[in-house]
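Residue-level structural notes
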Amino acid sequence: MERIIVCIKGVPRPGTVKVDPETHTLKRESAELILNPPDRAALEMAMRLRERYGVEVVVMSMGPPNVAPLLKEAFALGADELILLSDRAFAGADTLATSRVLAQAIRGLTPFSLVIMGLKSVDGETAQVPPETAAILNLPSVINVIDISYSNNRFYLTRETNYGEEELEVEPPLIISMNPKLEYFRPPSLKRLLQARDLSFKSMTAQDLNLAEDLLGLKGSPTQVAGVFEKVFSQRGEVWKGEPEELADKLINLLREKGLLQKLALINR
Amino acid sequence: MHNLIIAFGEVYQNKINPASLEILTPLWEISRALQKGLSLLILTDNFSKLDEDIDLKKALCDEILVVENRELAEFKDDLYSKVISSVITHLNPYGVFFPATLQGMALAPRVAGELGVGLCAHVNALELEDDKLIMIRPTYGDNIMAKLFSKSFPIMATLSLGAFSIREKGEKPIIKKFDLPEDFDWSSKIRVKKLKATKKEMNRLSVAKVVVAGGLGLKSRENFQKLFDLAEALGGEVGATRPVCHAGWVEEDRMIGVSGVSVKPKLYLGFGISGAIQHTVGMENSEFIIAINTDEGAPLIKMAHISLIGDAEKILDYLLKRLK
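Residues numbered from 1 in each chain as written. Chains lettered and ligands numbered in written order. Predicted model: local features only at pLDDT ≥ 70, side-chain atom pairs only at ≥ 80, totals over all residues. Heavy atoms only, no water.

1. Describing the interface of chain A and chain B
Note: interface size is frequently given as the accessible area lost on complex formation between the parts. Inclusion rule: Note on contacts: a residue pair qualifies if any of its non-hydrogen atoms lie within 4.5 Å across the two residues. What counts as buried area is the accessible surface, traced by a 1.4 Å probe, that two parts surrender upon association, with contributions from both included. The rule for a salt bridge is simple: a side-chain nitrogen of Lys or Arg has to be within 4 Å of a carboxyl oxygen of Asp or Glu. Polar contact is the term for a pair of N or O atoms within 3.5 Å; when the atoms are in protein, one must be able to donate a hydrogen and the other to accept it, and sequence-neighboring residues count only if both atoms are side-chain atoms.
Each partner contributes to the interface: chain A provides 78 residues, whereas chain B provides 86 residues. The junction of chain A with chain B conceals about 7,300 Å² of combined surface from both sides, 60% of it contributed by carbon and sulfur atoms. Our count for the chain A to chain B interface comes out at 10 salt bridges. We note a salt bridge from Glu169 of chain A to Lys193 of chain B, for which the minimum N-O separation is 3.3 Å. At the boundary of chain A with chain B, the tally comes to 29 residue pairs in polar contact (both at pLDDT 80 or more).

Right, dumping it as structure tokens:
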């Protein structure tokens, strides 16, 4: 097996989000970033494959320089190499402009067998970047993977679909997104956490990646925000106050009036 | 050029997924206003197997566009996206839309990436402004909705599940076979070994008459589980907010809102839910809303027809005690 690449993302710690009033995109530089929670499953799966198959794991992230601590977290989990993809020109990117950057960086790490990402980020919640990056690289993609094994140059994947669990055999290289639920996540190694403090790692710009600026960031994003509006809800209902028990009784009376307790009456009878 | 709108018709076990019929409703309105055709695109190994599907005969579209090949018997992400990209390249549609099912979410970004066009995710309303298509979805911040547009063609988006209701059409749509070029490469890097069909019944959240939903205000997974008892007593389904799903209190298929399902029950009961817009876009069309929360200023309290100001956990406990 060739190397495994994991793409991770820094997302604003809830409550620290600031939005650019003009472009309506997130101001990531000003936010306190945490590792996108679903990416933990991507890292964990990569580390399991690293142990099982003795394969190198490269972890990369596109974002402002303040994502560096998150890359160091990945190092403490066992990553062999870290790459920061950072350039003002990347700011405000939609999923296509983001996928272009990731695709180019991934291409530069050929030969690789597998790219793992989290199912989605908890800020944008689109889940689009893994398949979109794969399509740009003309590679197969599989989303919402819950298990992986490898033998005879084939990956055996289980994915969760709307219809059940599906088992697939896929020819590498490929890009997958991991379902966030795993029963176990390893803790970071203390020794590696200490090593990570003074660790320096590669940082790449648009120029390093040989990417034309008009395909990047806000400018290179075909989807744009035309405007935002606030949904205003006017107070329209009754407000009940009182002791919990009293409120519960009042609610039961209301549900009974509305004929919603019939089913219960049948059960009790 | 750009005189057609395409909706992806997801098929499983020779039946159209209702989510694909839902998205036809807003697309039909848009296609009439812009005087464009509306096609439901179906990829299958044998279209005659779908003959029995009555829902498909009532689909709200001008035509059903069928690509038929034995390699399409199973869903293979790379092959399916190549087929759709090829159809798009030949027909040059104005827009291509997918339901935000897992298959739609796997396919749409591949097609967008192959064609190098924009893609909006989990859109829950479509509007025209000066004949320009505007896609609306919640965005960062409290109660803030974003109006998005795409600078590229075809305009592409995935549309939220349950955000639109299925409407039927009187006459049967025309069925049109679409042949890909002779030299089209039908190979795939993916082989489907087996599908272990899900044993648990799919929850009926999106069509439930009563929805009992819970948020972080319920304080614990154990308290959240009590909602299932209440839902059973009321003949309803349990729904959840995004933070609750992320905390692992309940499966993500119970998430109501922007990246979950939309519900429109006769009665919605929200326990310990403040009402972030990511949740409320998925329940605002409920007929009767009851909110239970300590915070009188919470957005859901403002939306509700009746609000109970108090501790959601305690009120839920009393309710269950009384109902037993």
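Let us keep going from here.
2. Quick word on the packing of aromatic side chains
The following threshold applies: Put simply, two rings from Phe, Tyr or Trp (the six-membered ring, in Trp's case) pair if the centres are within 6.5 Å, and we call them stacked under 30 degrees between planes, edge-to-face over 60, tilted for the rest. We count a stretch as a helix when DSSP gives it H or I for four or more residues in a row; a strand needs E for two or more, and each element gets its number in order from the N terminus. Partly exposed describes any residue whose relative accessible area lies between the buried limit of under 20% and the exposed limit of over 50%, with all areas from a 1.4 Å probe on protein chains only and scaled to the type maximum. Over a ring means this: the NZ of a Lys or the CZ of an Arg is within 6 Å of the ring centre and within 35 degrees of the ring normal.
What the rule picks out here adds up to eight aromatic pairs over all chains. Taking 5.7 Å as the distance between ring centres and 75 degrees as the angle between the ring planes, the aromatic pair formed by Tyr53 of chain A and Tyr150 of chain A counts as edge-to-face. Of this pair, Tyr53 of chain A sits in helix H1 (residues 39-53) while Tyr150 of chain A sits in strand E7 (residues 141-151), and the two are 97 residues apart along the sequence. Residue class for Tyr53 of chain A comes out partly exposed when judged on its relative accessible area of 27%. Using a relative accessible area of 15% as the deciding quantity, one classes Tyr150 of chain A as buried. Ring centres of Phe75 of chain B and Tyr80 of chain B lie 5.0 Å apart, and the angle between their planes is 80 degrees; this geometry places the pair in the edge-to-face category. A connected cluster of aromatic rings, assembled from ring pairs, spans Tyr53, Tyr150 and Phe155 of chain A. Stacked on the ring of Trp240 of chain A, the Lys or Arg Lys250 of chain A has its end atom at 4.4 Å from the ring centre. In this structure, Lys36 of chain B packs its charged tip against the face of Tyr94 of chain B, placed 4.7 Å from the ring centre.

3. Some thoughts on the nonpolar core
As a rule of thumb, soluble globular proteins bury nonpolar side chains together. Rule in force here: Working definition of a nonpolar core: buried Ala, Val, Leu, Ile, Met, Phe, Trp, Tyr and Cys residues. They are joined through side-chain atoms within 4.5 Å.
Judged by nonpolar contacts, the single largest core of 41 residues is most densely connected at Val59, Ile116, Ile148 and Ile176 of chain A. The leading source of residues in this core is H1 of chain A, at seven residues. Excluding its chain neighbours within four sequence positions, the residues that come into contact with Ile176 of chain A are Leu114, Val115, Ile116, Met117, Val142, Val145, Ile148 and Leu157 of chain A. By size, the runner-up hydrophobic cluster in this structure holds 39 residues, among which are Ala248 of chain A together with Phe271, Ile292 and Ile306 of chain B.

4. Observations regarding the domain arrangement of chain B
Residues and elements named next belong to chain B. The condition that has to hold: Throughout, the edges of the domains are those of an automatic or database domain assignment. Side-chain classes are defined by residue name, with Ala, Val, Leu, Ile, Met, Phe, Trp, Tyr, Cys and Pro counting as nonpolar, Asp, Glu, Lys and Arg as charged, and the others, Gly among them, as polar.
Here chain B is partitioned into domain 1 (4-177) and domain 2 (205-323). The distance between the C-alpha centroids of domain 1 and domain 2 comes to 31 Å. Taken together, the 15 residues of domain 1 in the interface contact 11 residues of domain 2. Buried surface at the junction of domain 1 and domain 2, both sides included, amounts to about 970 Å², of which 55% is carbon and sulfur. By the criterion of area lost to domain 2, the three top residues of domain 1 are Pro138, Asn143 and Leu161, representing 41% of everything that side buries. The tally of links from domain 1 across to domain 2 stands at four residue pairs in polar contact (both at pLDDT 80 or more). Taken together, the elements giving at least two residues each to the side of domain 1 that touches domain 2 come down to strand E9 (132-138) and strand E10 (144-150). Its residues assigned to classes, the side of domain 1 that touches domain 2 comprises six nonpolar, eight polar and one charged.

5. Here's the deal with the environment of Pro65 of chain A
Residues and elements named next belong to chain A. Looking at the element boundaries, Pro65 is found in the loop between strand E4 (57-62) and helix H2 (68-77). Residues Pro65 and Asp87, spaced 22 residues apart in sequence, show a C-alpha to C-alpha distance of 8.8 Å. Once residues lying within four places of it in the same chain are set aside, the contact partners of Pro65 are Leu84 and Ser86.

6. Notes on the pattern of salt bridges
Oppositely charged side chains can form a pair if their charged atoms are brought close together. Residues and elements named next belong to chain B. As enumerated under the stated definition, the model contains 37 salt bridges over all chains in all. The closest approach of N and O atoms between Arg110 and Glu114, which form a salt bridge, is 3.9 Å. In this pair, Arg110 and Glu114 are both assigned in helix H5 (residues 102-115), four residues apart and thus about one turn of the helix distant. Judged by its relative accessible area of 29%, Glu114 falls in the partly exposed class.

7. Concerning unusual backbone geometry
Residue and element names in this part refer to chain A. Following Thr110, the chain continues into Pro111 via a peptide bond in cis, with omega recorded as 5 degrees. Relative to the assigned elements, Pro111 resides in the loop between helix H3 (95-107) and strand E6 (112-118). Here the amide bond leading from Pro172 into Pro173 is cis, since omega sits at -5 degrees, within 30 degrees of zero. A positive phi is found at Asn138, a non-glycine position, where the angle reads about 55 degrees. With respect to the secondary-structure elements, Asn138 resides in the loop between helix H4 (129-136) and E7.

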